[in-house]
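Tertiary structure, described
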Amino acid sequence: MSGIDSILTETRVFPPSDEFRINANISGMDAYNTLCEQAASDYEGFWGKQAKENITWFKPFTKVLNESNAPFYKWFEDGELNVSYNCIDRHLPLLANKLAIIFESDNGTVTRITYMELYRRVCQFANGLKSMGITRGDRVVIYMPMSIEAVVAMQACARIGAIHSVVFGGFSGKSLQERIIDAKARVVVTANEGVRGGKLVPLKSVVDEALDGGGCECVERVIVFKRAVHEDAPWTIGRDVWWHDFIKGKPEHCEPTPVNAEDPLFILYTSGSTGKPKGVQHSSAGYLLGAINTMRWTFDYKPSDIFWCTADVGWITGHTYVGYGPLAVGATQVIFEGVPTYPDAGRFWKMIEQHRVSVFYTAPTAIRSLIKLGADIPEQYDLSSLRLLGTVGEPINPEAWMWYYEKVGGGRCPIADTWWQTETGSHMLAPMPGAVPTKPGSCTLPLPGIMADIVDEAGFPVEAGKGGFLVIKRPFPSQVRTLWNDPERFKKSYFPEEYNNKYYLAGDSAHRDEQGYFWIMGRIDDVLNVSGHRLGTMEIESALVANPLVAEAAVVGKPHEIKGESVVAFVVLKGPRPSGEEAKKITANLREWVGSEIGALAKPDEIRYGDNLPKTRSGKIMRRLLRAVAKGEEITQDISTLENPTILKQLQETL
Ligand code: 6R9
């Protein structure tokens with residue numbers, strides 16, 4: 001377990017204020033402990049009660065958990081429900097005129113819609129999908145900018161039992177194509193363009209590129225929301241239809257289709273340790289329950305809240321805390337099209353002031369970049385509406401935590417550092433903020449019913465202060481059900497034999513302190529975390545070697561002040577090792593190449609060239625060595641097993 005031992009020094013502790021605690025949904029440590037004990041003593045009873053109380057069922061379930069075909073667990077398997085009904089219809093008797101979404105566009109235009117209006121829009125779009133024959137189980141790919149329509153499209157799929165797969169708008173045509181093919185989508189929903197930071201982001205043309213790439217004959221229709229200034233878009237007659245034409249004349253009522261609790265709600269592709277993205281498949285009821293519980297538990301949701309999660313709907317955070325969670329509890333939420341730094345670094349704070357946001361959820365990378373642009377900027381705004389802050393996506397460094405706590409939260413708002421993953425569907429480790437005191441840099445304790453632990457290779461819990469593998473020992477409702485088209489990979493990736501195929505292996509290392517608080521240390525696999533986004537090193541390597549100039553490539557991460565990690569590629573060309581201007585030119589080309597193969601977020605920050613890569617005598621690339629080279633560290637490791645020691649010198653040379 002070398003390399004993952006802890007170097008913990010943080011000792012500050014921040015309990016919630018009396019005021020926060022007294023008003024919280026889960027008030028005080030006793031309340032938290034009671035829930036945990038209930039879950040421990042009667043696991044199924046606990047989850048069954050949660051599911052009965054929080055979800056409106058069309059047909060109640062009689063069975064809570066079925067473990068007979070582990071690890072393909074089933075929850076509430078004979079129950080029937082509709083997720084869109086739970087997110088919209090059930091609120092209408094009391095909340096029809098409550099604001100559901102406050103949408104702010106990139107240039108600051110604000111659109112507000114009520115639950116009633118959301119209902120109409122979702123129904124119309126669902127009727128559009130129905131009229132073209134989309135039914136339960138069909139797949140719909142959504143490649144949209146942040147917009148009310150993106151949420152409408154997701155909810156409309158849920159309403160008719162179709163399975164959506166949202167692809168982040170920053171992914172390239174090639175990545176989109178791969179996902180469309182893997183999901184065999186019948187429909188793609190997109191916009192002509194997006195607008196971010198004052199710049200147009202092409203979307204429809206990328207969809208065309210994806211579809212022209214071949215293999216996408218499954219796609220019958222492309223529905224195009226007219227977002228940006230250009231009136232037209234590249235068009236294929238018979239296949240493409242404008243969103244407004246698609247819904248024209250469609251009834252504003254659409255009966256929600258009852259689906260089984262275990263019917264897939266969506267597939268979301270994420271990076272793993274091989275070149276091929278994993279299609280993480282989530283259920284309807286278990287996923288919804290995770291979203292609802294964590295809105296109440298972690299975000300202490302109150303009907304008077306204005307909730308704002310800044311994540312894009314293309315990521316899991318945007319699914320659970322934009323597309324589903326806030327709606328399922330009847331919240332008013334802010335949805336933002338733009339970026340935190342446009343028109344200036346005060347944008348977030350200005351929006352919090354203007355919309356009176358009370359619960360704000362963002363990523364450490366955004367916080368760090370805003371600190372850098374002016375640590376005192378938040379002072380210029382009235383942030384008194386805030387009562388709770390959250391972070392997600394990567395470990396938050398204590399300095400950034402303290403700044404967030406003091407400058408944004410005014411020392412008054414607890415910070416919920418939430419650890420979870422695409423695969424877990426909702427928060428796993430996070431403080432219940434009216435109960436659990438927080439510590440800068442720790443995601444604190446497991447939520448009730450989440451049997452998290454840190455174990456060694458043999459599956460034994462490690463002692464406090466020692467690093468180990470983060471696992472979840474019992475199935476939980478919101479967990480990934482399988483990988484789309486790849487159940488074998490699902491088993492292999494998450495339920496290793498070493499743990500008798502029983503523990504869910506998260507892929508992170510972590511340690512615990514004396515109080516049992518969890519401190520996440522990082523990934524144990526070949527997955528990087530760049531600006532809170534997961535990127536597989538193998539994915540980037542495959543993209544690089546697909547370039548005709550490249551013979552071999554290895555990609556590693558290197559710590560980065562703002563992004564958390566940056567991407568460093570070591571490349572062997574088919575031709576001679578380049579230098580000077582030529583190397584610069586090739587680097588620029590390769591960066592563009594990776595951008596078009598995967599997406600701009602995967603472009604290497606740095607490329608180094610060698611005549612070869614450092615390998616062991618058995619031919620394995622020595623990645624640990626490459627990580628040290630990337631960091632500019634002196635090489636102290638034993639390199640006697642290295643096949644070709646001179647290569648190291650070449651790779652250490654910076655261009
Ligand atoms: C929700 C999300 C999951 C990976 C996860 C871990 C890292 C997420 C974190 C965190 C430390 C936190 N991660 N939250 N690390 N503290 N609060 O980000 O999902 O994109 O699937 O990434 O992100 O390494 O394994 P996803």
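Refer to the structure printed above.
Below: a short report on this structure. Since we're looking at a predicted model, the values are computed, not measured.

Take Glu597: it is sitting in helix H18 (residues 580-597). We classify Glu597 as buried; its relative accessible area is 13%. Within polar-contact distance, the side chain of Glu597 engages the side chain of Lys174 at 2.9 Å. Setting aside chain neighbours within four positions, we find Glu597 in contact with Ser172, Lys174, Ser175, Ala543 and Ala546.

For the structure on display, the rule yields zero disulfides. Take Cys36: it sits in no disulfide, and the sulfur closest to it among the cysteines is that of Cys443, at 14 Å. Under the relative-accessibility criterion, Cys36 is labelled partly exposed at 21%. For the unlinked cysteine Cys254, the closest cysteine sulfur is that of Cys123, found at 5.4 Å.

A few words now on the environment of Glu633. By secondary structure assignment, the location of Glu633 is in the loop between helix H19 (623-631) and helix H20 (646-652). When its relative accessible area of 37% is taken as the criterion, Glu633 is described as partly exposed. Setting aside its immediate chain neighbours within four residues, Glu633 contacts Ala628 and Gln652.

On to the packing of aromatic side chains, then. If you walk through the whole model with that rule in mind, you get 42 aromatic pairs. Between Trp57 and Phe61 the ring centres are 5.0 Å apart and the planes differ by 65°, which places this aromatic pair in the edge-to-face class. Looking at Phe61, the relative accessible area reads 6%, which means it is buried. A centroid spacing of 5.1 Å and a plane angle of 65° characterise the contact between Phe299 and Phe307, whose relative ring orientation is edge-to-face. Residues Phe299 and Phe307 agree in their burial class; the two are buried.

The next thing to look at is the nonpolar core. Phe76, Phe125, Leu129, Ile180, Val189, Trp243 and Val571 are the most contacted members of the largest nonpolar core, which has 168 residues in total. If near-sequence neighbours (up to four positions away) are discounted, Val571 is found in contact with Leu544, Val550, Glu552, Ala553, Leu590, Ile607, Arg608, Tyr609 and Gly610. In terms of nonpolar packing, the next biggest core, distinct from the first, is built from 31 residues, Phe14, Ile352, Leu383 and Ile415 among them.

Strands sit in the order E21-E22-E24-E25 across an open sheet of four strands; the sheet is antiparallel. Edge positions in the open sheet fall to strand E21 (452-455) and strand E25 (518-523), since each of these has one partner strand only. Looking at each pair of strands side by side, their axes are set apart by 45° on average, direction ignored. Pairing of strand E22 (residues 468-472) with strand E24 (residues 504-512) involves four bridges; the strand directions are antiparallel. Paired with Phe469 across the two strands is Ser509, which belongs to E24.

With that out of the way, let us pick up the pattern of salt bridges. In total, this model carries 45 salt bridges according to the counting rule given. Measuring nitrogen to oxygen at the nearest pair gives 2.6 Å for the salt bridge that ties Lys563 to Asp605. Taken together, the positions of Lys563 in the loop between strand E28 (550-560) and strand E29 (564-573) and Asp605 in the loop between H18 and strand E30 (606-609) put the pair 42 residues apart, joining distant regions of the chain. Each member of the salt-bridge network shares a partner with another, and the members are Glu117, Arg120, Arg121, Glu149 and Glu252.

The next subject is the pairing of E24. Counting buried positions along E24 gives nine out of nine residues, so the element sits mostly inside the fold. As consecutive antiparallel partners, E24 and E25 are separated by five residues, and within that stretch Gly516 has a phi angle of approximately 85°, a positive value.

Moving on, we come to the site of the ligand. The full set close to the ligand counts 17 residues, and Asp417, Thr418, Thr422, Arg523 and Arg534 are the nearest of them. Within the contact set of the ligand, an oxygen atom lies 2.8 Å away from a side-chain nitrogen or oxygen of Asp508. A distance of 2.8 Å separates an oxygen atom of the ligand from a polar side-chain atom of Arg523. Out of a free accessible area of 530 Å², the ligand has 96% covered by protein chains. The set of elements that each furnish at least two residues to the shell around the ligand consists of helix H12 (316-328), strand E20 (415-418) and E25.

Reading across from one edge, E5-E4-E17-E16-E18-E19-E20 is the order of the seven strands in this open sheet, with mixed pairing throughout. The strands lining the two open edges of the sheet, one partner per strand, are strand E5 (110-114) and E20. The sheet shows a mean angle of 20° between the axes of neighbouring strands, taken without regard to direction. When strand E16 (residues 306-309) meets strand E17 (residues 332-336), the two strands line up parallel, connected through three bridges. In the sheet register, Ile306 faces E17, and the bridge partner there is Thr332.

Analysis parameters
- Residues numbered from 1 in each chain as written.
- Predicted model: local features only at pLDDT ≥ 70, side-chain atom pairs only at ≥ 80, totals over all residues.
- Heavy atoms only, no water.
- Helix = DSSP H or I, 4+ residues; strand = E, 2+ residues; numbered from the N terminus.
- Buried < 20%, exposed > 50% of the residue type's maximum accessible area, 1.4 Å probe, protein only.
- Polar contact = N/O pair within 3.5 Å; in protein donor to acceptor, adjacent residues only side chain to side chain.
- Contact = heavy atoms within 4.5 Å.
- Disulfide = S-S within 2.5 Å.
- Phe/Tyr/Trp six-rings, centres within 6.5 Å; stacked < 30°, edge-to-face > 60°.
- Core = buried A, V, L, I, M, F, W, Y, C linked by side-chain atoms within 4.5 Å.
- Pairing = 2+ DSSP bridges.
- Axes fitted to C-alpha atoms, helices over the stretch in contact; angles between N-to-C directions.
- Salt bridge = Lys/Arg side-chain N within 4 Å of Asp/Glu carboxyl O.
- Near = heavy atom within 4 Å.
- Areas by Shrake-Rupley, 256 points an atom, 1.4 Å probe, with all protein chains shown as cover.

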